[in-house]
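# Structural overview for review
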Amino acid sequence: MPRPIRAVISQQAMSHNLSVIRQYLDNARQAPEAAAHGAPATSPGATHIWAVIKANAYGHGLETAIGGFAQADGLAMLDLQETLRARQAGWQGPLLMLEGFFEAQDLPELVKNRVVSSIHHPEQIRMLQASTLAAPLDVFLKINTGMNRLGFAPQQFGEAHQALQALQQQGKVGRIGFMTHFADADGAHGAVDAPAQVFHETVGQCQGSISLCNSAAVLRYPQLAVSAADNWVRPGICLYGSSPFANTTGEEFGLRQTMTLQARLLSIQNIKQGQSVGYGSTYTAARDMRIGVVACGYADGYPRSAPSGTPAWVNGVATQLAGRVSMDMLTIDLDPVPDAAVGDWVTLWGNEGPHIDEVAAAAGTIAYELLCALAQRVPVHVEYSGEVVEK
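Definitions and limits used
Residues numbered from 1 in each chain as written. Predicted model: local features only at pLDDT ≥ 70, side-chain atom pairs only at ≥ 80, totals over all residues. Heavy atoms only, no water. Helix = DSSP H or I, 4+ residues; strand = E, 2+ residues; numbered from the N terminus. Buried < 20%, exposed > 50% of the residue type's maximum accessible area, 1.4 Å probe, protein only. Expected span 1.5 Å × (residues − 1). Arc of directions from axis to C-beta.

### Thoughts on the environment of Glu 369
- Of note, Glu 369 is situated in helix H11 (residues 367-372).
- Note on Glu 369: relative accessible area 47%, which makes it partly exposed.
- Sequence separation between Glu 369 and Ser 326 is 43 residues, and the spatial gap between their C-alpha atoms is 18 Å.

Next up, the structure:
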């Protein structure tokens, strides 16, 4: 028998979350206020959604996410192998490599598979200049507006853009779009005003698609997503049901959790007041109590940093961790669940359990990390229209 732990992935929840984001964009289009965030006042145009499926679709499985986000306008990822898998899975729409290509030898495959590439460094332009391509490569020129990770500084933009235009004339580059990434869209209101203004002043009258908004920007500043004639947003974590903002959960935005992590009770210990539980004796019983031992630990992707008090549910009843998380097990307080028995499922996050955003907050991290950390040894069951199938 397999070890009694599982992750259940809901494609329905993925599709629902995509529709929620589209509704945010539709609402913004009906009442545009883009000029308030550094964008020129224009008539709202088309807004398209790149569904971000990097990091194995945030731990959900690339192919599973392609099905869940079938109504997205495009898919965004990080490397060439992901784009090839997407095509092999039947995706025929646009694909975007968020960090662009890493080696010149990748360029023919990008062209063959109709992949759009970000251009964020002069070396990528040099590789294009030296290339021989069967067809032009569509690109997004990335501008550094304050994140200081990838992208051309505003004063470098003109030279980079001219180089891409020259490549366009040579038939090596197709459409040229423009993109940036906000450092503080999840921070205080108005934190994107200055970088958005830098972006629009830098791009000026250049014609092309633009891409500004990640999850936080879509949810907090949807007007930015309708501020151009052809705008592409890049939602990630919100498509998987989680909030990009501290002290909130995805439910507050109408999002549904896409991953549920469950494991069975392996054992029940009756301990006396004053006895301790787990490594380091970090939890001491304040009363006689029942402790449940659960078949999940940090080797499964559950955070070792989760302290006593982190929420968990048993049989639909809320309880909490008691003691340090081990490699293969964790322990919970069963006193709130007097009918709990060995073999019962414990929901560690997800549907009919605590929200993953709450678990992440208790562990001092973010839901992104928990989702991406799901270990390969955890069996994954995918829920297709109510039917659960093991992968």
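On we go from here.
### As for helix H7 (residues 154-169)
- When the terminal C-alpha atoms of H7 are compared, their 23 Å separation across 16 residues agrees well with the 22 Å that a helix rising 1.5 Å per residue should span.
- Of the positions making up H7, those classed as buried are Phe 157, Ala 160, His 161, Ala 163, Leu 164 and Leu 167. The buried residues of H7 occupy an angular sector of 165° when the element is viewed end-on, so they sit on one face. Residues of H7 that are exposed and point more than 90 degrees away from the buried face comprise Gln 155, Glu 159, Gln 162 and Gln 169.

### Thoughts on unusual backbone geometry
- Backbone geometry at Ala 55 places phi at a positive 55°, although glycine is not the residue there.
- Considering the arrangement of structural elements, one finds Ala 55 in helix H2 (residues 54-58).
- Exposure remark for Ala 55: the relative accessible area of 39% places this residue in the partly exposed category.
- Although it is not a glycine, Asn 247 sits at a positive phi angle of roughly 65°.
- Relative to the elements of secondary structure, Asn 247 occurs in the loop between strand E9 (230-233) and strand E10 (259-271).

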